[in-house]
Amino acid sequence: MRAENNHNAGQVDNRSLAEACSDGDVNAVRKLLDEGRSVNEHTEEGESLLCLACSAGYYELAQVLLAMHANVEDRGNKGDITPLMAAASGGYVDIVKLLLVHCADVNAQSSTGNKLKK
């Protein structure tokens, strides 16, 4: 495993920001954001990067995206669910708390009218 990591360290990372987020690769995401990529980009499927991180349970990635001023209410192009809904649906309490600290709307509804249960 160590040899593999050293080998990969010398390679150029050609992944998109969405791919790095999908992989939960916080260092690559930081690098891409530092290079000027937008924290509010969407995946090819139309999902916001923050929603992607929240639905996958990537706490540290969600922290990085929020620190870079990701829109805490970004529903992506699909307009379906908020990052808070995604985190709650996955049972990621630590991410739910993080989003609440960043003023996520607990009263938001999905495109079909669903909302968080209190």
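Quantities reported herein were computed from a predicted structural model and do not represent experimental measurements.

Visitor: How do you make sense of the state of the cysteines when you look at a structure like this?
Guide: Disulfides are covalent bonds that link the sulfur atoms of two cysteine residues. Enumeration according to the criterion identifies zero disulfides in this entry. You can see C51 has no disulfide; the closest cysteine sulfur is in C54, sitting 6.6 Å from it. Judged by its relative accessible area of 0%, C54 falls in the buried class.

Visitor: Can you walk me through helix α5 (residues 59-67) in this structure?
Guide: A turn of α-helix holds 3.6 residues, and therefore any two residues three or four places apart point the same way. Of all the residues in α5, the buried ones are L61, A62, V64, L65 and L66. Close packing links the buried residues of α5 with α2 (17-22), α3 (26-34), α4 (49-56) and α7 (93-101). Looking one or two residues past α5, H69 carries a phi angle of roughly 70°, positive in sign.

Visitor: What is the right way to look at the nonpolar core in this model?
Guide: Formed by 31 residues in total, the largest nonpolar core has its most connected members in V29, L50, C54, L65 and L99. Taken together, the elements giving at least two residues each to this core come down to α2, α3, α4, α5, α6 (83-90) and α7. Among the elements that line this core, the one with the most residues is α4, at six residues. When near neighbours in sequence (up to four residues on either side) are disregarded, V29 contacts L17, A20, C21, L61, V64 and L65.

Visitor: How should the packing of α5 against α7 be read in this particular structure?
Guide: Packed helix pairs are characterised by how far apart their axes lie and by the angle those axes make with each other. Running from N to C, α5 and α7 point in directions that differ by 10°, and their axes come no closer than 10 Å. Regarding the angle of α5 to α7, the classification is roughly parallel. In this structure, α5 crosses over α7, and the sense of that crossing is right-handed. Contact residues: Y59, A62, Q63 and L66 in α5; D94, I95, L98 and L99 in α7. Considered class by class, the residues forming the contact of α5 with α7 number six nonpolar, one polar and one charged.

How each quantity is defined
- Residues numbered from 1 in each chain as written.
- Predicted model: local features only at pLDDT ≥ 70, side-chain atom pairs only at ≥ 80, totals over all residues.
- Heavy atoms only, no water.
- Disulfide = S-S within 2.5 Å.
- Buried < 20%, exposed > 50% of the residue type's maximum accessible area, 1.4 Å probe, protein only.
- Helix = DSSP H or I, 4+ residues; strand = E, 2+ residues; numbered from the N terminus.
- Contact = heavy atoms within 4.5 Å.
- Core = buried A, V, L, I, M, F, W, Y, C linked by side-chain atoms within 4.5 Å.
- Axes fitted to C-alpha atoms, helices over the stretch in contact; angles between N-to-C directions.
- Parallel < 35°, antiparallel > 145°, perpendicular 65-115°, else oblique.
- Left-handed = near helix turned anticlockwise from the far one by under 90°.
- Nonpolar A, V, L, I, M, F, W, Y, C, P; charged D, E, K, R; others polar.

That is the geometry; function is a separate question.
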